[in-house]
Amino acid sequence: MTSSQPQAWKADGKFLQLNGEHSWMRGITYGPFDSGRAPHGLPSPDQYQRDLDQIRELGANTLRLTRSPTQEFLAACEEREFQTLIGLNWENFVDFFHDPAMPKRILRSARRIVSEFSDAPSVSGYFVGNEVNAQMVRWLGRDQVKNFLEAMIDAGRSCHPGALFAYASYPTTEYLMPDNADFVAYNVYLETRKDFARYLRRLQHLAGNRPLVISEFGLNTRHHSNEQQREVLDWACEEMAQQGVAGTILFTYTDEWFTGGRDMSEWKFGLVDSQRQPKPAFHAVQNHFRKGAAPLSFLNYVPKISVIVCTFNGVRTLNDCLRWIARVDYPDFEVLVVDDGSTENVKAIVEKFSRVRYIKQKHAGLSAARNLGANKANGEILAYTDDDCMPDRDWLAHLALAFQRDPELAAVGGPNLPPPAENVIQACVIAAPGAPTQVMLSDNDAEHIPGCNLSVRRSDFEAIKGFEECYDVAGDDVDFCWRLQIRGKRIGFAAAAFVWHYRRFTAKAYLKQQVGYGRAEALLMKRHSKRFSLLSGGARWFGTIYQPDVMSHPDGPVRLYQGVFGNALFQSIYPEAVSCLTALVGGFPWALLALVLLGAGFVYFPFFLIGLVMTTTTAWNAWKRTSRRRIDPRFDSRRARAMLWLMTLIQPIARGATRSLHSAKLMAVPRGAIFGGTLLRFPRIAFWKKVGQIAVWNEEGKNRDDLLAKIVKELDLHSWKHRLDDGWRDWDIEVLQNLWWRVRITTVTEYHKGKNRLTRIRLASHMTRANAVISVAILAGIIATAWYLQWRAMWIFGSGIYFLWWLLLEVKHQAFVSRTIRLILTVGEANGFDPTTEEKNPMPDRPA
């Protein structure tokens, strides 16, 4: 690629870069059109040349394509300095695991398409999928679908290493996020600004450390007026810009839209009509695209902000910190560096920057330095960051905008993101637990914001008399946030106001940091004793601790709400509270007791066995947590996983030991709940086995909902006991009629061409509680009788009895399953659902 050619989109923290500069992805979907037998879905060359000129007039810089384009089309995009994101089309509307050869075929196709465009300068990236149906995800299993999407990304990246890869999800499967995607993309269609703004805040949290791109947004003028479309797209573009969304892709360019073998005349989402005449929305979007997404443009008033950087011998990173602050785009701010008695030459670094004021004090600790900075500052907002942080260009503007959007906020913070690791140790430290992060009470309100990215109104800072100066290393920000909330103040969160924050560079420095955090927790316990659990000794949070590196694999059990029969429009994962015993297993008291028991094992061997079991449990718990964390793929290996496991094992023990030691010195006693949550959470164990799968075909547009309604009606008619999915299950109906067995029915519908529907039904069975109790009682009776009578033949006789018992159960099991299948097929045939096989119905065209 020559220097004159446009560079592709690149991820840059929470934002994207184009041509090496911070930029807002201003996108529009293009096509597909009726292209006859050609697979590219493009209009004639003359038509797309005129279309591209009109899109350039709109102010867009990116096209999202749902089909693989021609090289001539990409050349036309390059001439107009457009970047493209190409969708990889595959059969995601069917059970793509049913045929074992299909996943391999899909991956081969993905590699072929990506390889074809790997040298095209105007191709920035690819969508490996778009809105896999929620019922299909439920049928296949969310982990299996997620793993397959990740395999597609890996396959594509191997063919085009410099490109961006993502999956376009939607609210019904908002939990489906590939871990290796370069940005997080969602198709969202909401028609009120309040709902859209609230959901954007949620999506920013789900995106974690990655850029958020709204990959589709639009309004259908078939059901709404052109003026309503203009109004909705106007506030949507403004809201996305204000909340720091990295990219906006509107759906769609024109009302001319062809898919599934027909013209979609009932969909009128275009900014121009099918004759390419602009609608009012075109001009509204044009204004926003030309204006850009600079947060400064939305400020009605520019408050003076004082940036306060406290340092103690931080010369290794301070220069980078001040250099990045100097690049911040904000018209009225000052910078103060408070030197907390450093022995290194901090002043020499500060003097390189003319706008920075240098203040030095005798070594008194971090809190004292922060208070001194506030006393010397002139701003009405105090923005704190650390000497190992590098703020984004729009950091202050987004903080100021958050205060403007919600005047009741006393403080506002943002995320702190680790820069890319330079070696395996840094990659492990970044992935290790215990990093500073936000604790959210809701998607908008925070319970705690780390001091490395915390801003506060001067009036509220003075109302609580600043930071408590007993916190000399850490913990001051936690105490500060808690005291603000005790006074009834609210703390906000601005996802776009991020800073790069170096994690510790070595494992030794990381563990030293965790020891410091343990000491700080002892000080917090002294002043906020009701915030700490008596048994575990750890802090109790009312909100959710956000861990971007484990968001797709939360630490602990989760429940997925999918709605009755999996039909909820918004489906979310809800973490369940981790039991106190689970938290205790990884902590210092447990480790200390295990060590004592191991030592006592030299006197009494059973103590050694108990200690060994406790130690093994701790190690296994640490390994489970390690497996849920993401390590930079460049450094992920067995060695890295072993190193991360060791850090995960030692971190809570080192932190807890320091907390316990200093708590004893300070006579700090936790006065919170004894257990700090549920004492013990038993895992859900059920030995369900798949016992059959059938399929039915309908050509009248009837789907699984129609079939399920008829099945339920039939069950009621025959008085078969059953229960329905309550929204939290991964099955539809559980038949309870049989004394010995239960059968669960799960369904999914594949939407084929026209009104053709293929509904798959899966049956799984499980013994009832009565069955289990009686079977165990019979087995126990046989064993007890044989042992008591000391009759060896009884073992043979008893085994025969038990075999006959299981044979009887299996006969009843097969009979019950067969009756259930006959009922389903009878109901289906009576309502137009014909039993079928894959061979009778070859794969039709992709649906609309």
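Quick caveat, the model's predicted, so the values are computed rather than measured.

Asker: How should the overall build of the protein chain be read in this particular structure?
Answerer: When its secondary structure is counted, the protein chain shows 23 helices and 34 strands. Over its C-alpha trace the protein chain gives a radius of gyration of 31 Å, about what one expects of a compact globule, namely 29 Å for 848 residues. Across its three principal axes, the protein chain shows a C-alpha extent of roughly 90 × 85 × 45 Å. For the protein chain, with 848 residues in total, the buried portion stands at 55%. Long-range pairs, those at least 24 residues apart, make up 74% of the contacts in the protein chain between residues at least 6 apart in sequence. In the form shown here, the protein chain has an accessible surface area of approximately 37,600 Å², with 56% of it arising from carbon and sulfur atoms. Charged side chains in the protein chain number 102 positive and 88 negative. The centres of these two groups are separated by 7 Å.

Asker: Help me out: how do you make sense of the confidence of the model for the protein chain in this one?
Answerer: Low pLDDT marks stretches whose predicted atomic positions should not be read closely. Residues with a pLDDT of 70 or more make up 92% of the protein chain, whose mean pLDDT is 88. Confidence drops under a pLDDT of 50 for residues 1-5, and excluding neighbours within four residues, the segment shows five contacts in the predicted structure. Low pLDDT, under 50, characterises residues 839-848; the stretch is placed with 24 contacts to residues that sit more than four places away or in other chains.

Asker: Explain the sheet that holds strand S16 (residues 356-361) to me, please; I cannot follow it from the model alone.
Answerer: What links the strands of a sheet is backbone hydrogen bonding, and the strands pair in either a parallel or an antiparallel sense. Here we have seven strands laid out as an open sheet, ordered S16-S15-S14-S17-S23-S19-S24, and mixed in their pairing. Here the strands that pair on one side only, and so sit at the sheet edges, are S16 and strand S24 (490-493). Neighbour-to-neighbour, the strand axes of the sheet open up by a mean angle of 25°, direction not taken into account. Across the sheet, helix H9 (residues 315-326) touches strand S14 (305-311), strand S15 (333-340), S16 and strand S17 (381-386), and the angle it forms with S14 is around 175°.

Asker: Looking at this structure, how should I read a nonpolar patch on the surface?
Answerer: Together, Phe602, Val603, Tyr604, Phe607 and Ile610 make up an exposed nonpolar region whose accessible area comes to about 600 Å². For Val603, the location among the structural elements is in the loop between helix H18 (588-600) and helix H19 (605-627).

Asker: How should I be thinking about the sheet that holds strand S21 (residues 439-440) in this particular structure?
Answerer: Within the open sheet, the three strands sit side by side as S22-S21-S26. Their pairing is antiparallel. Strand pairing shows two members of the sheet lacking a second neighbour, strand S22 (446-448) and strand S26 (544-545), which therefore form its edges. The pairing of S21 with S26 spans two bridges and is antiparallel. Following the sheet pairing, Val439 is matched in S26 by Ile545.

Asker: Even after reading the chapter, I still don't get the packing of aromatic side chains, so can you show me in this structure?
Answerer: Given two aromatic rings, their pairing is described by the distance between the two centres and the angle made by the two planes. Applying the stated criterion across every chain, the model contains 37 aromatic pairs. Pairing Trp24 with Phe289 gives two aromatic rings, centres 5.8 Å apart and planes at 90°, and the pair type is edge-to-face. One end of the pair, Trp24, is in the loop between strand S3 (21-23) and strand S4 (25-30); the other, Phe289, is in helix H8 (residues 280-291), and 265 residues separate them in sequence. On the basis of relative accessibility, which here comes to 7%, the residue Trp24 falls in the buried class. Accessibility expressed as a relative area gives 2% for Phe289, which makes it buried. Judged by centre distance (6.3 Å) and plane angle (40°), the ring pair of Trp720 and Phe816 falls under tilted. With Trp720 in the loop between helix H21 (704-717) and strand S30 (722-724) and Phe816 in helix H23 (residues 792-830), this pair connects stretches of sequence that are 96 residues apart. Of the two residues examined, Trp720 and Phe816, each falls in the buried class. An aromatic cluster is defined as three or more aromatic residues linked by ring pairs; in this entry it consists of Tyr30, Phe33, Tyr48, Phe73 and Tyr253. Above the face of the Phe467 ring, Arg370 is positioned so that its terminal group lies 5.6 Å from the ring centre. The side chain of Arg762 reaches across the aromatic face of Trp139, ending 4.0 Å from its centre.

Asker: What's the story with the pattern of salt bridges in this structure? I'm lost.
Answerer: Any two side chains of opposite charge can pair, so long as their charged atoms come close to each other. Summed over the entire model, instances satisfying the criterion amount to 47 salt bridges. Between Asp234 and Arg230 there is a salt bridge, with the nearest N and O atoms lying 4.0 Å from each other. Taken together, the residues span about one helical turn, with Asp234 and Arg230 both in helix H7 (residues 226-242) at a distance of four residues. Ionic pairing is found between Arg729 and Asp726, a salt bridge with its closest N-O pair at 3.4 Å. Residue class for Arg729 comes out partly exposed when judged on its relative accessible area of 28%. Assessed through its relative accessible area of 39%, Asp726 is described here as partly exposed. In the salt-bridge network here, residues are joined through shared partners; they are Arg138, Arg704, Asp705, Asp725 and Asp732.

Asker: Can you walk me through H18 in this structure?
Answerer: Structurally, the α-helix is built with 3.6 residues per turn, so residues lying three or four positions apart point the same way. Taking 1.5 Å as the rise per residue, H18 with 13 residues should run 18 Å; its terminal C-alpha atoms sit 18 Å apart, in good agreement. When we look at burial in H18, the residues that qualify are Trp590, Ala594 and Leu597. Looking straight down H18, one finds that the buried residues subtend no more than 65° of arc, so they occupy a single side.

Asker: How do you make sense of unusual backbone geometry when you look at a structure like this?
Answerer: Among all residues except glycine, the phi angle is most often negative; among peptide bonds, the trans geometry is most common. The linkage connecting Gly31 with the following residue, Pro32, adopts the cis geometry, with an omega of 5°. The amide bond that connects Phe251 to the next residue, Thr252, takes the cis arrangement and shows omega of 5°. Along the chain, the position of Thr252 falls in the loop between strand S11 (247-250) and strand S12 (258-259). Its identity as a non-glycine residue notwithstanding, Asn19 has a phi of 55°, on the positive side. Tracing the chain through its elements places Asn19 in the loop between strand S2 (15-18) and S3. Judged by relative accessible area, which is 45%, Asn19 ranks as partly exposed. Even without a glycine there, the phi angle at Glu131 is positive, about 50°.

Asker: When you look at the packing of helix H16 (residues 507-527) against helix H20 (residues 638-666) in this model, what are you seeing that I'm missing?
Answerer: To describe two helices that pack against each other, one gives the angle between their axes and the distance between the axes. At a minimum axis distance of 7 Å, the contact between H16 and H20 shows a crossing angle of 35°. In this structure, the crossing between H16 and H20 has a hand that is right-handed. Residues that form the contact of H16 with H20 fall into these classes: twelve nonpolar, six polar and five charged.

Asker: Is there a simple way to explain the pairing of strand S6 (residues 83-87) in this structure?
Answerer: Remember that side chains alternate between the two faces of the sheet whenever the strand is regular. With five of its five residues buried, S6 lies for the most part within the structure. The pairing of strand S5 (residues 62-65) with S6 spans four bridges and is parallel. Residue pairing in the sheet places Thr62 in a bridge with Gln83 of S6. Read from S5 through helix H2 (residues 71-79) to S6, the crossover connection turns out right-handed. With four bridges joining them, S6 and strand S7 (residues 123-130) adopt parallel strand pairing. Across the sheet, residue Leu85 finds its bridge partner in S7, namely Gly125. With respect to chirality, the unit in which S6 leads through helix H3 (residues 101-117) into the neighbouring parallel S7 is right-handed.

Reading guide: rules and limits
Residues numbered from 1 in each chain as written. Predicted model: local features only at pLDDT ≥ 70, side-chain atom pairs only at ≥ 80, totals over all residues. Heavy atoms only, no water. Helix = DSSP H or I, 4+ residues; strand = E, 2+ residues; numbered from the N terminus. Rg over C-alpha atoms; globule rule 2.2 N^0.38 Å. Buried < 20%, exposed > 50% of the residue type's maximum accessible area, 1.4 Å probe, protein only. Contact = heavy atoms within 4.5 Å. Areas by Shrake-Rupley, 256 points an atom, 1.4 Å probe, with all protein chains shown as cover. Lys, Arg positive; Asp, Glu negative; His and termini not counted. Charge placed at Lys NZ, Arg CZ, Asp CG, Glu CD. pLDDT = per-residue confidence, 0-100. Pairing = 2+ DSSP bridges. Axes fitted to C-alpha atoms, helices over the stretch in contact; angles between N-to-C directions. Patch = residues over 30% accessible without salt bridge, like charges linked within 9 Å, V, L, I, M, F, W, Y side chains within 5 Å. Salt bridge = Lys/Arg side-chain N within 4 Å of Asp/Glu carboxyl O. Phe/Tyr/Trp six-rings, centres within 6.5 Å; stacked < 30°, edge-to-face > 60°. Lys NZ or Arg CZ within 6 Å of the ring centre and 35° of its normal. Expected span 1.5 Å × (residues − 1). Arc of directions from axis to C-beta. Left-handed = near helix turned anticlockwise from the far one by under 90°. Nonpolar A, V, L, I, M, F, W, Y, C, P; charged D, E, K, R; others polar. Right-handed = clockwise from strand over helix to strand, strands pointing away.

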